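Per-entry structural report
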Amino acid sequence: MKRYLALFMILPFCVLTHKPVIAQSARYKAHLSIARQHGVPLLRTDAQVKSYVSKKKLAKVSSGKGYRVQKLTYSKPYLVPRAKTVLNQVARAFYARTGSTFTVTSLTRTTGSQNRLRRVNGNAVFGVSSHNYGSSFDISYVRFNGRKGSNKRLERALHAVLADFQAKGKLLYIKEYAVSCFHITAR
Ligand SMILES: [Zn+2]
């Protein structure tokens, strides 16, 4: 029982997929371990986020070439500088390939905002997420050029760019299903 509890602890709440829990949790563990290597500790409160922003350990992320940031509810528009660089590179590569933009749906979360989400979403899994370290972001694969709707060509192009960046050691990604996003952690 304890072992299963431990597995759930390392799942971020954005994992609501039909993939086997154990296989997924091993992959999320890898995300967590690289997320912790960017100099920002587990972020619990907004005040803590503010403090890391003022120390320039977290950088503001707004829409840029090849991407836009959607209106955020449970996350804040900041990333560690390395993750922001990786996001910009992914977006430029995607734009060069397709002439289209993708949508970032989630960035840095505090454990406090995660608790709030848990109250409204019964499926939200209890535990620490790589989003709590400022190193992860989610990109929707059903929202391109600001419009919601499936576009298999653009989804494949985005997937190909992420696979290429992962092969080059710049990031890890996981395709999520229930929330239709790629969960990405910079390395
Ligand atoms: Zn995510």
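Not measured: the values here are computed from a predicted model. (Residues numbered from 1 in each chain as written. Predicted model: local features only at pLDDT ≥ 70, side-chain atom pairs only at ≥ 80, totals over all residues.)

What follows deals with the overall build of the protein chain. When helices and strands are tallied, the protein chain shows six helices and eight strands. Beginning at the N terminus, the succession of helices and strands in the protein chain can be written as α-α-α-β-β-β-α-β-α-β-β-α-β-β. Looking at the protein chain as a whole, 38% of its 187 residues qualify as buried. Sequence separation of at least 24 residues holds for 70% of the intrachain contacts in the protein chain that already meet a minimum separation of 6. (Helix = DSSP H or I, 4+ residues; strand = E, 2+ residues; numbered from the N terminus. Buried ≥ 20, exposed ≤ 12 C-beta atoms within 10 Å, placed from the backbone. Contact = placed C-beta atoms within 7 Å.)

Attention now moves to the nonpolar core. Counting 39 residues, the largest nonpolar core has Leu79, Leu87, Val90, Phe137, Ile139, Leu158 and Leu162 as the members making the most contacts within it. At the level of elements, α2 (21-35), β3 (78-79), α4 (81-98), β4 (102-106), β5 (136-144), α6 (152-167), β7 (171-175) and β8 (181-186) are the ones that each hand at least two residues to this core. At six residues, the largest contribution of residues to this core is made by α4. Contact partners of Ile139, with chain neighbours within four places excluded, come to Phe102, Thr103, Val104, Leu158, Cys181, Phe182 and Ile184. (Core = buried A, V, L, I, M, F, W, Y, C linked by C-beta atoms within 7 Å.)

Along an α-helix, a turn takes 3.6 residues, which lines up residues three or four apart on a common side. Taking 1.5 Å per residue, 16 residues should reach 22 Å; α6 reaches 22 Å between its end C-alpha atoms and fits that length. Taken as a whole, α6 has its buried residues at Leu154, Leu158, Val161, Leu162 and Phe165. When α6 is viewed along its axis, its buried side chains cluster within an angular range of 95 degrees and face the same direction. For α6, the exposed residues lying more than 90 degrees away from the buried face are Lys152, Arg153, Arg156, Ala163 and Ala167. Contact partners of the buried residues in α6: α4, β4, β5, β7 and β8. Positive backbone phi, approximately 80 degrees, marks Gly169, located one or two places after α6. (Expected span 1.5 Å × (residues − 1). Arc of directions from axis to C-beta.)

The element β7 is largely enclosed, with a buried count of four among its five residues. Note: β7 against β8, five bridges, orientation antiparallel. Following the sheet pairing, Lys175 is matched in β8 by Phe182. The antiparallel hairpin formed by β7 and β8 contains five residues in its connecting segment, where Ser180 sits at a positive phi of about 50 degrees. (Pairing = 2+ DSSP bridges.)

Negative phi values dominate among residues other than glycine, just as trans dominates among peptide bonds. Located in the positive-phi region is Asn145, a residue other than glycine, with phi close to 50 degrees. Not every positive phi belongs to a glycine, and Ser180 is a case in point at roughly 50 degrees. Mapped onto the elements, Ser180 comes out in the loop between β7 and β8.

Assignment of secondary structure puts Leu117 in helix α5 (residues 111-120). When the C-alpha atoms of Leu117 and Tyr74 are compared, they prove to be 6.9 Å apart, with 43 residues separating the residues in sequence.

A few words on the pairing of β8. The buried count for β8 comes to six of six residues, which makes it a mostly enclosed element. In β8, alternate side chains face the same way, and those of Cys181, His183 and Thr185 on one face and Phe182, Ile184 and Ala186 on the other are all buried. Looking at chain direction, β5 and β8 are connected through five bridges and run antiparallel. In the strand pairing of β8, Phe137 is matched with Ile184.

Compared with an ideal rise of 1.5 Å per residue, which puts 18 residues at 26 Å, α4 spans 26 Å between its outermost C-alpha atoms and is within 8% of the ideal. Every buried residue of α4 is accounted for by Ala83, Lys84, Val86, Leu87, Val90, Ala91 and Phe94. Each buried residue of α4 sits inside an arc of 160 degrees when the element is viewed along its axis, so together they form one side. Positive backbone phi, at 70 degrees, marks Gly99, one or two positions downstream of α4.

Now for the confidence of the model for the protein chain. Counting all residues, the mean pLDDT for the protein chain is 87, and 83% of those residues have values of 70 or more. Below pLDDT 50 for its whole length, residues 5-19 participates in 46 contacts with residues either more than four positions away or in separate chains. (pLDDT = per-residue confidence, 0-100.)

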